[in-house]
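# Structural overview
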Amino acid sequence: MTGVGKSLLQATSGAVLAGLARAVTGVRPIWAGTAPNGRQRIYFANHASHGDFILVSTCLHPTERGRTAAVAGADYWNAGPVRRFIAGTLLRTVLVERNWVERTADPLQIMLAALDARQSLIFFPEGTRNMTEEPLLRFRSGLYNLAAARPDVELVPCWIENMSRVLPKGAVLPVPLLCRVVFGAPVTLGEGEDRKVFLDRARNALLSLAPQKDGISG
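This report concerns the structure included in the present document. Worth saying up front: this structure is predicted, and the values here are computed from it rather than measured.

## Some words on the sheet that holds strand 5 (residues 120-123)
- Across the sheet, which stays open at both edges, the seven strands sit in the order 1-7-6-2-5-3-4 with mixed pairing between neighbours. This sheet does not close on itself; its edge strands, each paired only once, are strand 1 (28-31) and strand 4 (94-96). Strand-to-strand twist in this sheet, taken as the mean axis angle between neighbours without regard to direction, amounts to 25 degrees.
- The pairing of strand 2 (residues 41-45) with strand 5 spans three bridges and is classified as parallel. Opposite Phe44, over in strand 5, you have Phe123 as the bridge partner.
- With respect to the sheet, helix 6 (residues 107-116) is in contact with strand 2, strand 3 (68-73), strand 4 and strand 5, its orientation differing from that of strand 4 by roughly 170 degrees.

So, in structure tokens, the structure goes:
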């Protein structure tokens, strides 16, 4: 497949998935702390379903959607030809190896290469799907490393509401439920800011966007 043909296929797939997502979830964006501005961004979000990145992508303008790729685990999306085709051809996913023992490439360098190609990213700083009762797992170091390496890229927190109920683990067909994606104010890494301090601050910024029933007090 030529580059032009692949790009056209990806644009068509993105539009179809966005239409399906709106039909099933009625998803709507809430631009609470920022607005679309055309800048390169890393949208960092809570993660409880394989459909999370589709909801974030659906909320973006088609032009922005066309240059925004989700970061996902290579171990899952490379498991079989169908998943590889979906991730690599239809969705243009940025695949990273999460198992540090078996990995053959540095995940940070893969993500930085995508940013250097002028893509925006949808990133899940928990590192894996949250299957616990906690609203949000501890953030891993990836978001800090990206912020330190590319300080000119905006970091926008996005709270995805209800997607874990629409597509719970093991489900084949989605359950129709209303969803929202709340976009908060960009988070900036302070000069000399400690990694843990930054990650806690970014996590709290994301938690602050959650509905009260999903958030935590304090």
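## Considerations on unusual backbone geometry
- With a phi close to 75 degrees, Arg118 is a non-glycine residue in the positive phi region.
- On the secondary structure map, Arg118 appears in the loop between helix 6 and strand 5.
- Residue Arg118 is classed as exposed on the basis of its relative accessible area, which comes to 51%.

## Section: the pattern of salt bridges
- Across all of its chains, the model carries seven salt bridges by this definition.
- Among the salt bridges present, the one from Arg39 reaches Glu154, with a minimum N-O distance of 3.2 Å. Of this pair, Arg39 sits in the loop between strand 1 and strand 2 while Glu154 sits in strand 6 (residues 154-161); the two residues are 115 residues apart in sequence, bridging distant segments of the chain.
- Residue class for Glu154 comes out buried when judged on its relative accessible area of 13%.
- A salt bridge links Glu64 to Arg67, with the nearest nitrogen and oxygen atoms 3.0 Å apart.
- A residue is classified by how much of its surface remains accessible, and Glu64, at 10% relative accessible area, is buried.

## Observations regarding the pairing of strand 5
- By the alternation rule, side chains of strand 5 split into Ser120 and Ile122 and Leu121 and Phe123, which are all buried.
- Of the strand pairs in this sheet, strand 3 and strand 5 are connected by three bridges, and their pairing is parallel. Residue Ala70 lies in a different strand from strand 5, and its bridge partner there is Ile122.

## A look at the environment of Leu20
- Along the chain, Leu20 falls in helix 1 (residues 3-25).
- Spatially, the C-alpha atoms of Leu20 and Thr58 are 9.4 Å apart, while their sequence positions differ by 38 residues.

## So, the state of the cysteines
- Under the criterion given, the structure shown has zero disulfides.
- No disulfide involves Cys59; its nearest neighbouring cysteine sulfur is the one of Cys158, lying 8.7 Å away.
- The exposure class assigned to Cys59 is buried, which follows from its relative accessible area of 9%.
- Summary of cysteine pairing: Cys179 is not part of a disulfide, and the nearest cysteine sulfur, belonging to Cys59, is at 9.4 Å.

## So, the packing of helix 7 (residues 142-149) against helix 9 (residues 195-207)
- Contact geometry of helix 7 with helix 9 gives a least axis separation of 9 Å together with a crossing angle of 105 degrees. On the basis of the axis angle, helix 7 is roughly perpendicular to helix 9. Between helix 7 and helix 9, the residues in contact are Leu143, Tyr144 and Ala147 and Arg195, Phe198, Leu199 and Ala202, respectively.
- Grouping the amino acids of the contact of helix 7 with helix 9 by side-chain chemistry returns six nonpolar, no polar and one charged.

Criteria and thresholds
Residues numbered from 1 in each chain as written. Predicted model: local features only at pLDDT ≥ 70, side-chain atom pairs only at ≥ 80, totals over all residues. Heavy atoms only, no water. Pairing = 2+ DSSP bridges. Helix = DSSP H or I, 4+ residues; strand = E, 2+ residues; numbered from the N terminus. Axes fitted to C-alpha atoms, helices over the stretch in contact; angles between N-to-C directions. Contact = heavy atoms within 4.5 Å. Buried < 20%, exposed > 50% of the residue type's maximum accessible area, 1.4 Å probe, protein only. Salt bridge = Lys/Arg side-chain N within 4 Å of Asp/Glu carboxyl O. Disulfide = S-S within 2.5 Å. Parallel < 35°, antiparallel > 145°, perpendicular 65-115°, else oblique. Nonpolar A, V, L, I, M, F, W, Y, C, P; charged D, E, K, R; others polar.

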